[in-house]
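A look at the structure
Listed below, chain by chain, are the residues.
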Amino acid sequence: SGFNILLVCRNEPVGVLGITGEPEKVRPYGQVLKLAMEAMLEQELLKRSAIRRQTLSDRLHNGLINGNSEESELLRFAKKLNIHDGIYRIPLLLRFDANVNSDTIFDMLRKNSQYSQQDIMTHWKENDLVVFKSFEKIPLETIYKEYRNIIKSYLSDVFEWGKASGIGLKM
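Below you will find a few notes about this structure.

What counts as what
Note that residues are indexed from 1 along each chain, following the sequence as it is written. Where local features are concerned, this predicted model is filtered to residues with pLDDT of at least 70; where side-chain atom pairs are given and counted, the filter is 80 or more; whole-chain, interface and lining totals use all residues. Heavy atoms from the whole structure form the basis of all side-chain values; hydrogens and water molecules are not counted. Strands here are runs of E lasting at least two residues and helices are runs of H or I lasting at least four, both read from the DSSP assignment and numbered beginning at the N terminus. Think of it in three bands: residues with accessible area under 20% of the maximum for their type are buried, residues over 50% are exposed, and the middle band is partly exposed, with areas taken using a 1.4 Å probe on protein chains only. Contacts: residue pairs with any heavy atoms within 4.5 Å of one another. Two aromatic rings from Phe, Tyr or Trp, using only the six-membered ring of Trp, form a pair when their centres are within 6.5 Å; if the ring planes differ by under 30 degrees the pair is stacked, by over 60 it is edge-to-face, and anything between is tilted. In our convention, an over-ring charge means Lys NZ or Arg CZ found within 6 Å of a ring centre and within 35 degrees of that ring's normal. When DSSP finds two or more bridges between a pair of strands, those strands are recorded as paired. Note on geometry: axes are C-alpha line fits, over the in-contact stretch for helices, and angles between N-to-C directions span 0 to 180 degrees.

**Here we look at unusual backbone geometry**
Even without being a glycine, R10 presents a positive backbone phi close to 55 degrees. Here R10 is to be found in the loop between β1 (2–9) and β2 (12–20). R10 gets classed as partly exposed once you look at its relative accessible area, which sits at 47%. Backbone geometry at N11 places phi at a positive 65 degrees, although glycine is not the residue there. With respect to the element layout, N11 can be found in the loop between β1 and β2. For N11, a relative accessible area of 73% puts it in the exposed group.

Okay, structure coming up:
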């Protein structure tokens, strides 16, 4: 004797969990197992999605920096990552005189009021980071006149951190 429980993930049936035993005695365990299995399935899908996104991101960054991808392929990667083409971007090479944790630098930039989801940031070489700073809401004339000040403000926290940490930085 026993019973079956339908497993559902993202509103789709994905399988059946079979429980053997006296139904009235094992039913409470079945519900707990159902919740656990569905949570594990959801977690696995999230993990796979994050890996897929990171792989796309790595391929886009590699293609942009090394020029080893066709433009159509880069546009396809960007579209899947919700990075819009047609936005003016200025590439920045940040070179540190010591090895730094790129996540620390990128976190500082993300906290800046001038950060945009359209900024593209990647670790390039041992002490080098590349940022393609986007200017999606600033008129082109303003970018031409003020880009140095905008970039200086955007990177101010990184320069201050480097100075306080005794790490030299060139842009």
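**Remarks on the environment of L56**
Along the chain, L56 turns up in helix α1 (residues 23–66). On the basis of relative accessible area, L56 is assigned to the buried category, the value being 15%. Sequence separation between L56 and V16 is 40 residues; the distance between their C-alpha atoms is 33 Å. Aside from chain neighbours lying at most four places away, what touches L56 is F77, K80 and L81.

**Observations concerning the packing of aromatic side chains**
Applying the stated criterion across every chain, the model contains one aromatic pair. Their ring planes at 80 degrees and their centres at 6.2 Å tell us that Y88 and Y144 sit as a pair that is edge-to-face. A residue pair is termed long-range when its members are at least 10 positions apart, and Y88 in the loop between α2 (71–80) and β3 (89–96) and Y144 in helix α4 (residues 140–165) qualify at 56 residues. The positively charged end of K133 is found above the aromatic ring belonging to F135, 5.7 Å away from the centroid.

**Concerning the sheet that holds strand β6 (residues 169–170)**
The strand order β4-β5-β3-β6 describes an open sheet built from four strands, whose pairing is antiparallel. Strand pairing shows two members of the sheet lacking a second neighbour, β4 (120–125) and β6, which therefore form its edges. The pairing of β3 with β6 spans two bridges and is antiparallel. Bridge assignment links F96 to a residue of β6, and that residue is L169. Relative to the sheet, helix α3 (residues 102–111) contacts β3, β4 and β5 (128–134), its axis offset from that of β4 by approximately 155 degrees. This element, α4, spans β3, β4, β5 and β6 of the sheet and lies at about 30 degrees to β3.

Bear in mind that shape data such as this cannot, by itself, settle questions of function.
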